[in-house]
Amino acid sequence: MLGDGNVLIVGGDVAAVFDPSTNVFTKVGDPLVPRKGHSAVLLANSTVLVAGGSSLGRFATSAEVYDPSVRQFRTAAPLSAPAPRPSLVAAGDGALLVTGDRIERYSPGNDTFTLVDVTLPASGPTVVRISEGLVLLTGGLSSEVLDRSGTVRASDLVALLDLTTGSIRTLGKMTTPRFLHTATLLEDGLVLITGGDSDSHRDETLASAELVDVSNGHATRVEDMAQARSAHQAVALSGGRAGIFGSASVSAEHPAEVFVR
């Protein structure tokens, strides 16, 4: 979502802006790097940071910035390491990128990524910004190996990252271990968790969903989604609702659905 209410869609080697008032898509300048599995976030200066994912068969360290005033992309500083399927959230006047076992902070003022010196409780958690200085971390992959194939179990951990102190505090556990799921802050302050996978190798995509209360870390199961989804998208809607879209799975159609409190 851009500052003017339009929506930027970027992936592959194309980009477009959708105007919900007219229901029209308009092509804008092409991304500088074709990519998939990436992440994007609106920054405080009204530009959009696009980073990570994979490009031309390799995990990407590249990043770029979309400027809505000219509808063009420009090169941004590279990441310190490749970032497959990163989580990217606004943080102050910049952004935090979380992938694997690391967190990088992007500063648009001097166009730099710097590593944040924290130890993540799991690899590749899904993140969502709770307030100006707090970010919720959920799930990811634990260090527990399940079998000789190297399959790794998903984590059920819920933790809070304090950007002021750089500390991570465990809040509680989700009802279901998962990674590649979504975490969406609803209007009432609860966080909706949907879908994901239960481990790193076996095809165990989840349809389950739950609500996490950030004030006490308590998680409560809610009705399952109509379809199992992994590496999908979710967005908060008015009235405590959330829209849920797509999935990494290509084995079935994935029509959008809406969570209603």
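Data block above holds the structure.
Residues numbered from 1 in each chain as written. Predicted model: local features only at pLDDT ≥ 70, side-chain atom pairs only at ≥ 80, totals over all residues. Heavy atoms only, no water.

Novice: Is there a simple way to think about the overall build of the protein chain in this case?
Specialist: In terms of regular secondary structure, the protein chain is built from zero helices and 26 strands. Its C-alpha radius of gyration of 18 Å places the protein chain within 12% of the 18 Å reference for a compact globule of 261 residues. Taken along the three principal axes of its C-alpha coordinates, the protein chain extends 50 × 40 × 40 Å. Looking at the protein chain as a whole, 46% of its 261 residues qualify as buried. Put simply, of all contacts in the protein chain between residues at least 6 apart along the chain, 42% involve residues at least 24 apart. (Helix = DSSP H or I, 4+ residues; strand = E, 2+ residues; numbered from the N terminus. Rg over C-alpha atoms; globule rule 2.2 N^0.38 Å. Buried < 20%, exposed > 50% of the residue type's maximum accessible area, 1.4 Å probe, protein only. Contact = heavy atoms within 4.5 Å.)

Novice: Teacher, can you tell me more about the sheet that holds strand 3 (residues 24-27) here?
Specialist: Paired through backbone hydrogen bonds, the strands of a sheet run either parallel or antiparallel to each other. Reading across the sheet, the three strands line up as 1-2-3 and stay open at both edges, with antiparallel pairing between neighbours. Either end of the sheet is taken by a strand with one partner, and the two such strands are strand 1 (7-11) and strand 3. Neighbouring strand axes in the sheet, compared pairwise and without regard to direction, differ in orientation by 25 degrees on average. Inspection of the sheet shows strand 2 (residues 14-19) paired to strand 3 by four bridges, in the antiparallel sense. For Asp19, the partnering residue across the bridge sits in strand 3 and is Val24. (Pairing = 2+ DSSP bridges. Axes fitted to C-alpha atoms, helices over the stretch in contact; angles between N-to-C directions.)

Novice: Can you walk me through the packing of aromatic side chains in this structure?
Specialist: Counted according to the given criterion, the structure contains three aromatic pairs. Measuring from ring centre to ring centre gives 4.6 Å for Phe18 and Phe25, while their planes differ by 40 degrees; the resulting arrangement is tilted. On the basis of relative accessibility, which here comes to 17%, the residue Phe18 falls in the buried class. A relative accessible area of 55% means that Phe25 is categorised as exposed. Their ring planes at 55 degrees and their centres at 5.0 Å tell us that Tyr66 and Phe73 sit as a pair that is tilted. Given the relative accessible area of 8%, Phe73 is considered buried. (Phe/Tyr/Trp six-rings, centres within 6.5 Å; stacked < 30°, edge-to-face > 60°.)

Novice: Please explain the pairing of strand 4 (residues 39-42) as it appears in this structure.
Specialist: Along any regular strand the residues' side chains alternate between the sheet's two faces. Burial along strand 4 is one-sided: the face carrying Ser39 and Val41 is buried and the face carrying Ala40 and Leu42 is not. Inspection of the sheet shows strand 4 paired to strand 5 (residues 48-51) by four bridges, in the antiparallel sense. Looking at strand 5, one finds that Val41 is bridged to Leu49. Between the end of strand 4 and the start of strand 5, which pair antiparallel, lie five residues, with Ser46 showing a positive phi angle near 75 degrees.

Novice: Just checking my understanding: could you explain the environment of Leu192 for this structure?
Specialist: If you trace the backbone, Leu192 turns up in strand 21 (residues 191-194). Here Leu192 falls in the buried class, since its relative accessible area comes to 0%. Measuring from C-alpha to C-alpha, the distance between Leu192 and Phe59 comes to 29 Å, with 133 residues separating the pair along the chain. Apart from residues no more than four positions distant in its own chain, Leu192 is found in contact with Thr182, Ala183, Thr184, Leu186, Glu210, Leu211, Val222, Ala242 and Phe259.

Novice: Looking at this structure, how should I read the environment of Asp13?
Specialist: As for its placement among the helices and strands, Asp13 is situated in the loop between strand 1 and strand 2. Overall, Asp13 belongs to the partly exposed group, its relative accessible area being 48%. Spatially, the C-alpha atoms of Asp13 and Leu32 are 7.7 Å apart, while their sequence positions differ by 19 residues. Setting aside residues up to four positions removed in sequence, Asp13 forms contacts with Asp30, Pro31 and Pro34.

Novice: Please clarify how unusual backbone geometry should be interpreted in this entry.
Specialist: Note: most peptide bonds trans; most residues except glycine with negative phi. One non-glycine residue, Leu56, lies in positive phi territory at about 55 degrees. Structurally, the position occupied by Leu56 is in the loop between strand 6 (54-55) and strand 7 (58-59). Phi is positive for Arg85, close to 45 degrees, though the residue is something other than glycine. By secondary structure assignment, the location of Arg85 is in the loop between strand 9 (72-75) and strand 10 (87-91).

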